Amino acid sequence: MRIIAADSGSALLNSDFKAQLTLSTAAVVIDPPYTHPFAIREQQALKRIDDRSVILDELKLCLELARQYRPDAVHVDVTLNSLDLASISAEELLKTIPSKLARRFMEPLAPYMVEVAREIRRTCGAPVLLVGKESVPVRVAELTAGAHGVLRGARKALNEGVKVLIGLPRACTSKVADGRLTLVSLLPAEEDVEGYAADEEGVLMRVQLREYVNPVASGFKMIEVNPKEVEGATG
Amino acid sequence: MRIIAADSGSALLNSDFKAQLTLSTAAVVIDPPYTHPFAIREQQALKRIDDRSVILDELKLCLELARQYRPDAVHVDVTLNSLDLASISAEELLKTIPSKLARRFMEPLAPYMVEVAREIRRTCGAPVLLVGKESVPVRVAELTAGAHGVLRGARKALNEGVKVLIGLPRACTSKVADGRLTLVSLLPAEEDVEGYAADEEGVLMRVQLREYVNPVASGFKMIEVNPKEVEGATG
Amino acid sequence: MRIIAADSGSALLNSDFKAQLTLSTAAVVIDPPYTHPFAIREQQALKRIDDRSVILDELKLCLELARQYRPDAVHVDVTLNSLDLASISAEELLKTIPSKLARRFMEPLAPYMVEVAREIRRTCGAPVLLVGKESVPVRVAELTAGAHGVLRGARKALNEGVKVLIGLPRACTSKVADGRLTLVSLLPAEEDVEGYAADEEGVLMRVQLREYVNPVASGFKMIEVNPKEVEGATG
């Protein structure tokens, strides 16, 4: 089964280690064994961490990939009993949201979400499932967005000549190899689940990355990026 | 302390990776260090995944083992503050269930549960504790049932000449060695906790097992079983 | 950033493996990379496992360390949206506690908590954050208290010549090396997070430690301590 999923990940932290801005939104194409992306579409996010409108960007990226890759299902980062967003109305969607607060956040977005979901179904016939936290492809999308977010943060550190603190997605760790930054899941039963970003501009060679636990967000790691001081270096 | 516990595990998945039928129910005898079964009683389950009547089969298997192995305590896969099911009435049991829905499911079963629990106590004096998710022996029983469920699924694949998809219990992985299929826990602090099934009929040599993450059930793995194509094979 | 945090950990278990008495309260000074204590203040707890008044001892130990180590923030093992306890009144504190039961437990303690928190702020200017379960320094304090608790339990076994059962903090394992007992976290993304206790009296050489899973507390390990039988030993 081929699945397309999207999520957003990695955040700029302030000096108190609190997440401020989401850095990246990514959609991924996943084939068996469902552990890593086969194709990626990504864009900068730069939205406030509590801005749920990223869901629309996520759906639009899924639509773009769906046109090219013909998935059997699309997974969305909204957890609502795996309902098919392409088969319900905005009103039905809102009625199924148990939390009043979440419903209010979703209300202005619901009609647009349903519209893009129906366009996805028209394009490739796939259901658009609100499977959210249950979905491994959504997790792969989160790690993929997270990896791109680290690259975006590293580029910012380099361009502005400043230290940048980046909060990673929940329970993952970074590695740099083969011209890629990869985020590997640390959750039980996700040993092989990962996302990555290709470092096409060679940003990673020009910065220093240090990974820490985030002291105010148990279960999350963070990366401190510093531009390398190359002047006067002997190496 | 000797503990007897029971649970059900592994499920037949449909082509959307959704669990349909529970495959196996097992009771286990556990001695220190409480990580693996010392003795096992197992039976086919084949009940719908939401059919709570498996609890009666689980209790009956505990009773059978209790007669032979004289436990100090029996652990049941119902989480109700570790109440002793052998010391309360069906009415008291139902009153302690906080969720209305769970209470309605339990209502027709409660009198029978209490009856078997009292029989267990008469047999060996042990309390029958509703310790559920807090119990490591219940986890060992779940992994043991899960391992037997994989064997049952493999036998089905072999007998019917079809591919079979089996969903494993939460956060565990399989290994085949020494004529056994073992499920090992992947949860934190459960490194050595496992259950197994002896492959007495040599089923495992005649099928191919592939383990994947279940893409629609984060934290769960699944096994795809295919009968080996032996005709014309040279190896 | 320098953080001071406190927590209590390890408990005496009864023969049914149920926690009875908390063994140790510890405050720790944490510097980057936030994974282990830089300085420790510890005291015996010996309070009932549900006695929330340990929070006052924890705050007082934080105050003592704050005088000497000038932290940027203090983390408390109460999870209330990271509120600053030094900036609110006891009434405001109680109003923010959602659970009625928790509020009733906290009511007699709140004025004293606020008083110590304000004293901490007067001493070093640091906020006293109710970050609780989100805090890695609180986890380090829990593991540090837990390690001291094991030593205290071992001393009890030695002094009284009896077997002692000690329940460890959630999801950690013990190791003995370099004259220390260390508790290492087993939670995802906490690979390097640990606390320790220096065995200055050489207690560990005179007892035998065996670590088990706690069969009635899934995710928790326990340690059985037995005084070594040295009389007549040939080794």
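Peer 1: Let's hear about the overall build of chain A: which residues, and what values?
Peer 2: Of the regular secondary structure elements, chain A holds five helices and twelve strands. Seen through its C-alpha atoms, chain A measures out along the principal axes to roughly 65 × 35 × 35 Å. Residues counted as buried form 55% of the 235 residues belonging to chain A. Pairs at least 24 residues apart make up 65% of the contacts formed inside chain A by residues separated by at least 6 positions. Roughly 10,300 Å² of accessible area belongs to chain A as shown, and the carbon and sulfur atoms make up 49% of that amount. Computed over 29 positive and 32 negative side-chain charges, the separation of the two mean positions in chain A equals 3 Å.

Peer 1: Go over the confidence of the model for chain A with me, naming the residues and quoting the values.
Peer 2: Mean pLDDT for chain A: 95, with 97% of residues reaching 70 or above. Low pLDDT, under 50, characterises residues 231-235 of chain A; the predicted model gives this stretch zero contacts beyond four residues in sequence or across chains.

Peer 1: Which residues make up the sheet that holds strand β9 (residues 180-185) of chain B, and what are the values?
Peer 2: Hydrogen bonds along the backbone pair up the strands of a sheet, which may run parallel or antiparallel. Residues and elements named next belong to chain B. An order of β8-β9-β10 is seen for the three strands of this open sheet, with the pairing classed as antiparallel. Each edge of the sheet is formed by a strand with only one pairing partner; in this case those strands are β8 (172-177) and β10 (194-198). Pairwise comparison of adjacent strand axes, ignoring direction, gives a mean angle of 20° for this sheet. In the sheet, β8 pairs with β9 via six bridges, with the strands oriented antiparallel. Looking at β9, one finds that S174 is bridged to L183.

Peer 1: I'd love a proper account of the relation of the copies chain A and chain B, names of residues and values included.
Peer 2: Once chain A has been moved 0.0 Å along the axis and rotated by 120°, it coincides with chain B to within an RMSD of 0.0 Å. Look at the turn and shift together and you get a three-fold axis relating the two. Minimal C-alpha separation from the rotation axis in chain A is found for P188(A), amounting to 4.4 Å. Mapped onto chain B, only 5% of the interface residues of chain A again fall at the interface, so the copies present different surfaces.

Peer 1: Lay out the sheet that holds strand β8 (residues 172-177) of chain A in plain terms, naming residues and giving numbers.
Peer 2: Residues and elements named next belong to chain A. Pairing within the open sheet is antiparallel, and its three strands lie in the order β8-β9-β10. With partners counted over all chains shown, the strands left at the sheet margins are β8 and β10 (194-198), one partner each. If you compare each strand with its neighbour and ignore which way they point, the axes differ by 20° on average. Relative to β10, strand β9 (residues 180-185) runs antiparallel, the two being bridged by five bridges. Each bridged residue has a counterpart across the sheet, and for V184 the counterpart in β10 is E194. Along the sheet, helix α5 (residues 136-160) makes contact with β8, β9 and β10, crossing β10 at roughly 35°.

Peer 1: Account for the interface of chain A and chain B, with residues named and values stated.
Peer 2: Contacts between the two partners involve 19 residues from chain A, matched on the other side by 18 residues from chain B. With both sides pooled, the region where chain A packs onto chain B buries about 1,300 Å², and carbon together with sulfur makes up 66% of that total. For chain A, the biggest contributors to the area lost against chain B are Y34(A), P188(A) and A189(A); these three give 36% of the whole. Put simply, chain A and chain B have one salt bridge between them. Close ionic contact of K221(B) with E191(A) constitutes a salt bridge, the shortest N to O distance being 2.7 Å.

Peer 1: Give a detailed account of the domain arrangement of chain A, specifying residues and quantitative values.
Peer 2: All names here are of chain A. We note that the domain assignment places domain 1 (24-135) and domain 2 (137-227) within chain A. Using only C-alpha atoms to locate each centre, domain 1 and domain 2 end up separated by 23 Å. Counting residues at the interface gives 18 residues for domain 1 and 15 residues for domain 2. Here domain 1 meets domain 2 over a buried area of about 1,400 Å², counting both sides, of which 67% is carbon and sulfur. Inspection of the region where domain 1 meets domain 2 yields one salt bridge. The residue E42 makes a salt bridge to R152 at a minimum N-O spacing of 2.9 Å. Inspection of the domain 1/domain 2 interface yields five residue pairs in polar contact (both at pLDDT 80 or more). Of all the secondary-structure elements, those providing two or more residues to the side of domain 1 that touches domain 2 are β2 (19-30) and β3 (39-48). By residue number, the principal contributor to the side of domain 1 that touches domain 2 is β2, which donates five residues. Tallied by class, the residues present in the side of domain 1 that touches domain 2 amount to seven nonpolar, nine polar and two charged.

Peer 1: Any chance you could break down the environment of V74(B) for me, citing the residues and the numbers?
Peer 2: Turning to its location among the elements, V74(B) is positioned in strand β4 (residues 73-75). Sequence spacing of V74(B) and L186(B) is 112 residues, and the spatial spacing of their C-alpha atoms is 24 Å.

Peer 1: Could you give an account of the side chain of T25(A), with specific residues and numbers?
Peer 2: Residues and elements named next belong to chain A. Its place among the elements puts T25 in strand β2. Exposure remark for T25: the relative accessible area of 0% places this residue in the buried category. A distance of 2.9 Å separates polar atoms of two side chains, one belonging to T25 and the other to S8. Residues contacting T25, with those up to four places away along its chain left out, are D7, S8, R41, E42, Q43, A45, D57, E58, L61 and A145.

Peer 1: I'd like to hear about the pairing of strand β11 (residues 207-213) of chain C, residue by residue, with values.
Peer 2: Across a regular strand the side chains alternate sides, sitting on one face of the sheet and then on the other. Residue and element names in this part refer to chain C. By the bridge criterion, seven bridges tie β11 to strand β12 (residues 220-227) in an arrangement that is antiparallel. Bridge pairing in β12 places R210 opposite E224. The loop that links β11 with its antiparallel partner β12 comprises six residues; one of these, G219, has a positive phi angle of about 95°.

Peer 1: Describe the pairing of strand β6 (residues 128-131) of chain B, with residues and values.
Peer 2: Residue and element names in this part refer to chain B. Side chains of β6 alternate between two faces, with V128 and L130 and L129 and V131 buried alike. Of the pairings in the sheet, the one linking β4 to β6 comprises two bridges and is parallel in character. Pairing of V74 across the sheet is with V128, part of β6. One ladder, built from two bridges, connects strand β5 (residues 79-84) with β6; its direction is antiparallel. If you follow T79 over to β6, its bridge partner there is V131.

Definitions and cut-offs
- Residues numbered from 1 in each chain as written.
- Chains lettered and ligands numbered in written order.
- Predicted model: local features only at pLDDT ≥ 70, side-chain atom pairs only at ≥ 80, totals over all residues.
- Heavy atoms only, no water.
- Helix = DSSP H or I, 4+ residues; strand = E, 2+ residues; numbered from the N terminus.
- Buried < 20%, exposed > 50% of the residue type's maximum accessible area, 1.4 Å probe, protein only.
- Contact = heavy atoms within 4.5 Å.
- Areas by Shrake-Rupley, 256 points an atom, 1.4 Å probe, with all protein chains shown as cover.
- Lys, Arg positive; Asp, Glu negative; His and termini not counted.
- Charge placed at Lys NZ, Arg CZ, Asp CG, Glu CD.
- pLDDT = per-residue confidence, 0-100.
- Pairing = 2+ DSSP bridges.
- Axes fitted to C-alpha atoms, helices over the stretch in contact; angles between N-to-C directions.
- Least-squares fit on C-alpha atoms with pLDDT ≥ 70 in both.
- Buried area = accessible area lost by both parts, 1.4 Å probe.
- Salt bridge = Lys/Arg side-chain N within 4 Å of Asp/Glu carboxyl O.
- Domains from an automatic or database assignment.
- Polar contact = N/O pair within 3.5 Å; in protein donor to acceptor, adjacent residues only side chain to side chain.
- Nonpolar A, V, L, I, M, F, W, Y, C, P; charged D, E, K, R; others polar.

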